[in-house]
Amino acid sequence: EFADVEVEAPPPALSESQLDSAESAPLNPDPKLIEGALLDDLFEQEASGYLDQVQSYLGQAGAGSSLALDPNVLRVFHTLKGTARTVNRASLADWASELDRWVKAVLSLGKPLTASQIDLLTEGVAACRLALPVHVDNGADMSWLQRLTADREQLEHRARTESGNG
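Residues numbered from 1 in each chain as written. Predicted model: local features only at pLDDT ≥ 70, side-chain atom pairs only at ≥ 80, totals over all residues. Heavy atoms only, no water.

It is worth spelling out the side chain of Lys81 at this point. Mapping Lys81 onto the fold places it in helix 3 (residues 72-86). Not counting the four nearest positions on each side in its chain, Lys81 is found in contact with Ala93, Ala96, Ser97 and Asp100. (Helix = DSSP H or I, 4+ residues; strand = E, 2+ residues; numbered from the N terminus. Contact = heavy atoms within 4.5 Å.)

Structural data, given as structure tokens:
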């Protein structure tokens, strides 16, 4: 009753010399893949260092206090925006761009960050940090970005009003 079944013969076994040859052969990975992985690692390290600087600066504020905005924070987000675009991290670049615009708006008024603005900036830094190693989950809480944008628009309006251009 098994006469109709065709059985394929197993592949021939490799000899010892063939096994040795296969084990010692170089893999020759694609240099572009290695370069891309190294670039990603370098970007993540550098970006993490920038975010550490901002986080450390924000840590100087006591609970419920204000903090003079250091102009270097603007440099951090401006740099992060550009480098994130360079390595094709669109979401992170967009967030850094919005943080860059918000920091400019705060600096234009020349007033210290309020406690709620410190919290907002802290949330933005945390969100950017989460976006570094992997793509962000679409379910991520993005309410900080909406609040940041609304606050920036109010700050820009206030700056225009105070300068007589609004």
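Alright, that's what it looks like, and here's the rest.
So, about the environment of Gly62. Checked against the element boundaries, Gly62 lands in the loop between helix 2 (31-58) and helix 3. By relative accessible area, Gly62 is classed as partly exposed at 41%. Between the C-alpha atom of Gly62 and that of Ala115, which follows or precedes it by 53 residues, the distance is 8.8 Å. (Buried < 20%, exposed > 50% of the residue type's maximum accessible area, 1.4 Å probe, protein only.)

Moving on, we get to the packing of helix 4 (residues 90-109) against helix 6 (residues 143-163). At a minimum axis separation of 9 Å, helix 4 and helix 6 run at an interaxial angle of 30 degrees. Note that helix 4 runs across helix 6; the crossing there is left-handed. Of the residues in helix 6, those touching helix 4 at Trp95, Glu98, Leu99, Arg101, Trp102, Ala105, Val106, Ser108 and Leu109 are Trp144, Leu145, Leu148, Thr149, Asp151, Arg152, Leu155, Glu156, Arg158, Ala159 and Glu162. Here the contact of helix 4 with helix 6 is composed, by residue class, of eleven nonpolar, two polar and seven charged. (Axes fitted to C-alpha atoms, helices over the stretch in contact; angles between N-to-C directions. Left-handed = near helix turned anticlockwise from the far one by under 90°. Nonpolar A, V, L, I, M, F, W, Y, C, P; charged D, E, K, R; others polar.)

The predicted model of the protein chain averages 78 in pLDDT, with 73% of residues at 70 or higher. Ranking the elements of the protein chain by mean pLDDT puts helix 1 (residues 16-24) last, at 62, and helix 4 first, at 91. (pLDDT = per-residue confidence, 0-100.)

Next up on the list: the side chain of Gln117. Inspection of the secondary structure assignment puts Gln117 in helix 5 (residues 115-131). At 3.0 Å, the side chain of Gln117 and the backbone nitrogen of Thr114 are in polar contact. When neighbours within four sequence positions are excluded, Gln117 is seen to be in contact with Trp102, Val106, Pro112, Asp151 and Leu155. (Polar contact = N/O pair within 3.5 Å; in protein donor to acceptor, adjacent residues only side chain to side chain.)

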